[in-house]
Amino acid sequence: MTSQSVLAGFAEAFAQERYADALAHIDRLIAAYADSPALRWNRVECLEKLGRYGEIKAELDLLLRLEPDHVPAIVKRVQYAHFGEDDGPKGESLSDAERNRREREIAKRTRQDSLDAEDELRRALMLDPDRVDALLLLANELREREDWALYEGEAEALLDHAIELAPERPDLLEIRANWRRGAATPQGDAPSNSGTRDSRAEPEMLRNDLRVAVDRIEHQLIKHDGEFKLLKWMLGVLIAGMLVLISKVFFTG
């Protein structure tokens with residue numbers, strides 16, 4: 001069987017969502033062309049579809065040794081950096097002193113991992129400034145730090161840019177709405193680190209993002225009415241939840 005026919009078999013199997021078969025075809029090709037970044041990327045896509053997330057980072061490491069500036073691989077390696085890692089002994093089996101030491105070590109490692117992820121994502125954005133998934137991951141990375149208020153303005157700007165580039169994605173609008181809801185929370189009810197900035201996000205902006213997100217989901221469902229009956233039911237649940245959220249913002253804010 002020629003390489004072209006194996007590649008055609010992969011394409012057909014992947015299109016038909018037979019991902020195990022697609023992976024088998026790719027592995028046959030990699031056996032002959034181990035230095036092909038494109039084949040390595042195809043293998044990553046198969047592993048992701050099969051839910052074999054713990055294997056993805058090692059495959060991306062191989063790919064990036066072959067092609068260091070492969071932006072999608074850089075971004076995905078950040079995404080899957082810690083899948084399959086062992087967390088070590090459980091807290092119940094440790095003494096108080098050991099538990100405190102371990103917590104300090106975890107906090108230090110978490111901070112360094114966050115800085116490493118930031119460096120990788122900034123490099124990806126230097127290569128491709130309009131990479132939506134890189135913008136979103138970096139915004140979330142900055143937002144999740146203990147001293148997140150120092151990065152809040154940049155995180156919001158990154159998310160806003162991602163929304164400008166991908167206005168059809170309701171998940172981005174939902175994330176921004178949740179951030180604005182957190183900013184609008186009275187300081188007495190907010191987490192300790194959220195009181196560092198006296199935000200005055202307008203409830204109307206929050207409501208608009210939530211409504212636009214729902215409208216876009218509904219538009220897609222109407223467009224594919226016959227295919228998404230179950231998702232229509234889920235949309236009803238989502239709308240109800242969002243309406244409750246909006247009511248809380250207006251009547252408790």
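Residues numbered from 1 in each chain as written. Predicted model: local features only at pLDDT ≥ 70, side-chain atom pairs only at ≥ 80, totals over all residues. Heavy atoms only, no water.

S.K.: So what exactly am I meant to see when it comes to the overall build of the chain here?
M.R.: What the chain contains, in helices and strands, is 11 helices and zero strands. Along its sequence from the N terminus, the chain presents helices and strands in the succession α-α-α-α-α-α-α-α-α-α-α. The buried share of the chain, reckoned over its 253 residues, is 34%. Across the chain, contacts joining residues at least 24 apart in sequence account for 54% of those joining residues at least 6 apart. With an accessible surface of roughly 15300 Å², the chain has 53% of that area assigned to carbon and sulfur atoms. (Helix = DSSP H or I, 4+ residues; strand = E, 2+ residues; numbered from the N terminus. Buried < 20%, exposed > 50% of the residue type's maximum accessible area, 1.4 Å probe, protein only. Contact = heavy atoms within 4.5 Å. Areas by Shrake-Rupley, 256 points an atom, 1.4 Å probe, with all protein chains shown as cover.)

S.K.: Help me out: how do you make sense of helix H2 (residues 19-32) in this one?
M.R.: In an α-helix, one turn spans 3.6 residues, which is why side chains three or four residues apart end up on the same side. The end-to-end C-alpha distance of H2, which contains 14 residues, comes to 20 Å, matching closely the 20 Å that a straight helix rising 1.5 Å per residue would cover. All of the buried residues in H2 are Tyr 19, Ala 22, Leu 23, Ile 26, Leu 29 and Ile 30. Summarising the axial view, the buried residues of H2 lie within an arc of 120 degrees, below the 170-degree limit, and thus occupy one face. Across H2 from its buried face, at more than 90 degrees, point the exposed residues Ala 31 and Ala 32. For H2, the secondary structure elements touched by its buried residues are helix H1 (3-15) and helix H3 (37-49). (Expected span 1.5 Å × (residues − 1). Arc of directions from axis to C-beta.)

S.K.: Sorry if this is basic, but what is going on with the side chain of Glu 59 here?
M.R.: Tracing the backbone through its elements, the reader meets Glu 59 in helix H4 (residues 56-66). When its relative accessible area of 6% is taken as the criterion, Glu 59 is described as buried. Glu 59 has contacts with Arg 40, Arg 43, Val 44 and Leu 47, leaving out every residue within four places of it along the chain.

S.K.: How should the environment of Leu 127 be read in this particular structure?
M.R.: Within the secondary structure, Leu 127 sits in helix H6 (residues 96-127). For Leu 127, a relative accessible area of 42% translates into the label partly exposed. In the structure, Leu 127 is positioned 56 residues away from Val 71 in sequence and 7.1 Å away in space, judged by C-alpha atoms. Those residues in contact with Leu 127, other than ones at most four positions away along the chain, are Asp 69, Val 71 and Ile 74.

S.K.: Hey, could you run me through the packing of H2 against H3 in this one?
M.R.: At a minimum axis separation of 9 Å, H2 and H3 run at an interaxial angle of 155 degrees. One element, H2, and the other, H3, form an angle in the roughly antiparallel class. Every pair of crossing elements has a handedness; the one defined by H2 and H3 is left-handed. The residues of H3 that touch H2, namely those facing Tyr 19, Ala 22, Leu 23, Ile 26, Asp 27, Leu 29 and Ile 30, are Leu 39, Arg 40, Asn 42, Arg 43, Cys 46, Leu 47 and Lys 49. (Axes fitted to C-alpha atoms, helices over the stretch in contact; angles between N-to-C directions. Parallel < 35°, antiparallel > 145°, perpendicular 65-115°, else oblique. Left-handed = near helix turned anticlockwise from the far one by under 90°.)

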